[in-house]
Amino acid sequence: MRYLSLFFLILVPSWVVAQPQIYQSFEVDSAAQPRGGIGAFNTFLTANLRKPIMAQVSGVGGVVVLTGVVGLNGYISDVQVTKKLRPDCDREAIRVFKLYNAWKPARKQGEIVYQRVSMPIIFKPNAPLAYVNGKFITYQDADLNVLPDSNERVRFKEVNPLDTNGIPSGDLVLYKLVNSKWEEYARDSLVYKRNEQPGLSGEPTYTIGHQQALLKLNGFICTVDATGKLLTETNYRIGKLAGPQITYHPNGAVAKRHDYGNDKQMILSWYANGQIQQVQERFIGDVLESSEIDKVTAFWDSSGRQLVKNGTGWAQYHQSVKSYTDKNRETLLVEQGHYKDQLKQGTWTGLYADGSYFYEENYDKGVLIAGKSCIARQDTVPYELEDRHPIFSGGMPALKQFLDKHLFYPISAQKDRVSGQVVVSFAVCTDGTLCDYAVTQSIRADLDREALHVVKKMSGRWIPGIQRGKKVQVKYYLPINFNLD
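This section reports on the structure supplied with the text. Note that the coordinates shown come from a computational prediction; the quantities given were computed from them, not determined experimentally.

1. So, the packing of aromatic side chains
Under the definition given, this model contains 21 aromatic pairs. On the numbers, 5.1 Å between centres and 90° between planes, the contact of Phe-41 with Tyr-100 is edge-to-face. Separated by 59 residues along the polypeptide, Phe-41 in helix α1 (residues 38–48) and Tyr-100 in the loop between α3 (87–99) and β5 (103–104) bring together distant segments of the chain. What makes Phe-41 buried here is its relative accessible area of 1%. You can call Tyr-100 buried: its relative accessible area is 1%.

Rendered as structure tokens:
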């Protein structure tokens, strides 16, 4: 009898690898921790954590406890919830925790190892909000001060449609209480418009906000991409930026946060992995005679090394920009130099990676002494002036005098008792003339025409904007007020 011997060759796929050993904090010599300590993580968390709308409606507060594995590269993985609060808060805690990948890995016997970490995410309680059918409702007194809905002084009700991300989704409507009934008193239309300037990669971007916010700069405005992803959000108060103003990385993490005071901004910046980049103060001068002084207190590179401490040290910035030789292509701008006592000191340089642009500037205590810049295949341009916005010759007082002298209030509008504000946009060209006029906020035809007429008379009276010694064309918006005595 013959026996047939069978041999089996077992092939192990190349992707099947041994699972790494994951340690607990008490099993390692040096435990994993956020770069910069728990304070850096909490700063990131404060900037990025958004309490879900429905959690705000209920006013709930509490803690979500998460665990994750810090890898050899400082990234987090295998995020799990070990203590739940409610599904929407749990999801938000997971989203933010996954965004933070600026960990200092654990070490055991001199080797970098995987370690599981645990972190509490706190949602603070709040006074419950009124949110019905996708609309945020507030009650106000006769002076439009917010009140509880049960307050006997309630005279108005504001209905603001917001989606679950807090982005406006419909007209803002103000109702007035008349004979125990709510009657529409005012309506602020929602505006969703494509921006003139595309994103850095050429993709379209869109501005969302209510008409009053966009035209009178009083309220919340955001920009999104074609998919609805939030790119920026800005708050205005009576024509001025009022904190916070937030810019986002493509992965959804906060890139920069501005908090505005009366004459200065506090600015925090982060890399896309959640590593804090910079702590900065910006002091701002008059709007039309804009001067800015930046003071940098601290700077870290993307690996977490602090290069500027207490305002002194060396910094290097990387930014994607459009090439000067091909506007349809991106390149990397590298800027670097020293800070001393929070101000730029000595030589600073900027170089486009494709060689299409270069600049070199010398500073003394934050003041530009001299600079030079060069666009590829063009002459080097020397300069001694800081970058500057366009200025009406003579500044704000001269602009007011010009308007007082040349602005005519149409008789027909006076007879009809029509007043208000027309906003005219235009470009200040490199020779001080104006072009590309448009009425961006209208009252009625005769007032619009007069506002446009007086702006056109200003052509040639402006000092153009300057960027690194070169005159540049700048878009400008000017409000023209028609007020009845």
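2. A look at the pairing of strand β25 (residues 312–322)
Pairing between strand β24 (residues 306–309) and β25: 2 bridges, direction antiparallel. Note that in β25 the partner of Lys-309 across the bridge is Thr-312. The turn linking β24 back onto β25 is made up of 2 residues, and Asn-310 within it adopts a positive phi angle of 50°. Pairing of β25 with strand β26 (residues 330–340), which is carried by 10 bridges, proceeds in the antiparallel orientation. Its bridge partner being in β26, Val-321 is matched across the sheet by Thr-331.

3. Comments concerning the packing of α1 against α3
Angle between the axes and distance between the axes: these two values describe a pair of packed helices. Contact pair α1 / α3: the axes reach a minimum separation of 11 Å and the direction vectors enclose 130°. It follows from the interaxial angle that α1 and α3 lie oblique. Along this stretch, α1 crosses α3, giving a crossing that reads as right-handed. For the pair formed by α1 and α3, the contact residues are Phe-41, Phe-44, Leu-45 and Asn-48 on the first element and Glu-92, Arg-95, Val-96, Phe-97 and Leu-99 on the second.

4. Here's the deal with the nonpolar core
By size, the foremost hydrophobic cluster in this structure holds 42 residues, and its most contacted members are Phe-41, Ile-76, Phe-97, Trp-103, Val-117, Ile-121 and Phe-123. In contact with Ile-121, other than residues within four places in its own chain, are Phe-41, Leu-45, Leu-49, Gly-62, Val-63, Val-64, Leu-66 and Ala-93. By size, the runner-up hydrophobic cluster in this structure holds 23 residues, among which are Leu-403, Tyr-409, Val-422 and Ala-451.

5. Things to note about helix α7 (residues 445–456)
Taking 1.5 Å per residue as the helical rise, α7 with its 12 residues ought to reach 16 Å, and the 16 Å between its terminal C-alpha atoms agrees with that figure. Restricting attention to buried positions, one finds in α7 the residues Asp-446, Leu-447, Asp-448, Glu-450, Ala-451, Val-454 and Val-455. Its buried side turned inward, α7 meets α5 (395–406), α6 (411–415), β32 (420–428), β33 (434–441) and β37 (474–482).

6. Observations concerning the sheet that holds β33
Here we have 3 strands laid out as an open sheet, ordered β33-β32-β37, and antiparallel in their pairing. Because the sheet does not close on itself, it has two edges, and the strands there are β33 and β37. Sheet twist, expressed as the average angle between the axes of neighbouring strands with direction ignored, equals 25°. Across 9 bridges, the pairing between β32 and β37 is antiparallel. Counterpart to Gln-421 in the pairing with β37 is Asn-481. Sheet contacts for α7: β32, β33 and β37; angle to β33, the most-contacted strand, approximately 155°.

Rules of the game
Residues numbered from 1 in each chain as written. Predicted model: local features only at pLDDT ≥ 70, side-chain atom pairs only at ≥ 80, totals over all residues. Heavy atoms only, no water. Phe/Tyr/Trp six-rings, centres within 6.5 Å; stacked < 30°, edge-to-face > 60°. Helix = DSSP H or I, 4+ residues; strand = E, 2+ residues; numbered from the N terminus. Buried < 20%, exposed > 50% of the residue type's maximum accessible area, 1.4 Å probe, protein only. Pairing = 2+ DSSP bridges. Axes fitted to C-alpha atoms, helices over the stretch in contact; angles between N-to-C directions. Parallel < 35°, antiparallel > 145°, perpendicular 65-115°, else oblique. Left-handed = near helix turned anticlockwise from the far one by under 90°. Contact = heavy atoms within 4.5 Å. Core = buried A, V, L, I, M, F, W, Y, C linked by side-chain atoms within 4.5 Å. Expected span 1.5 Å × (residues − 1).

The values reported here are purely geometric and, on their own, carry no functional implication.
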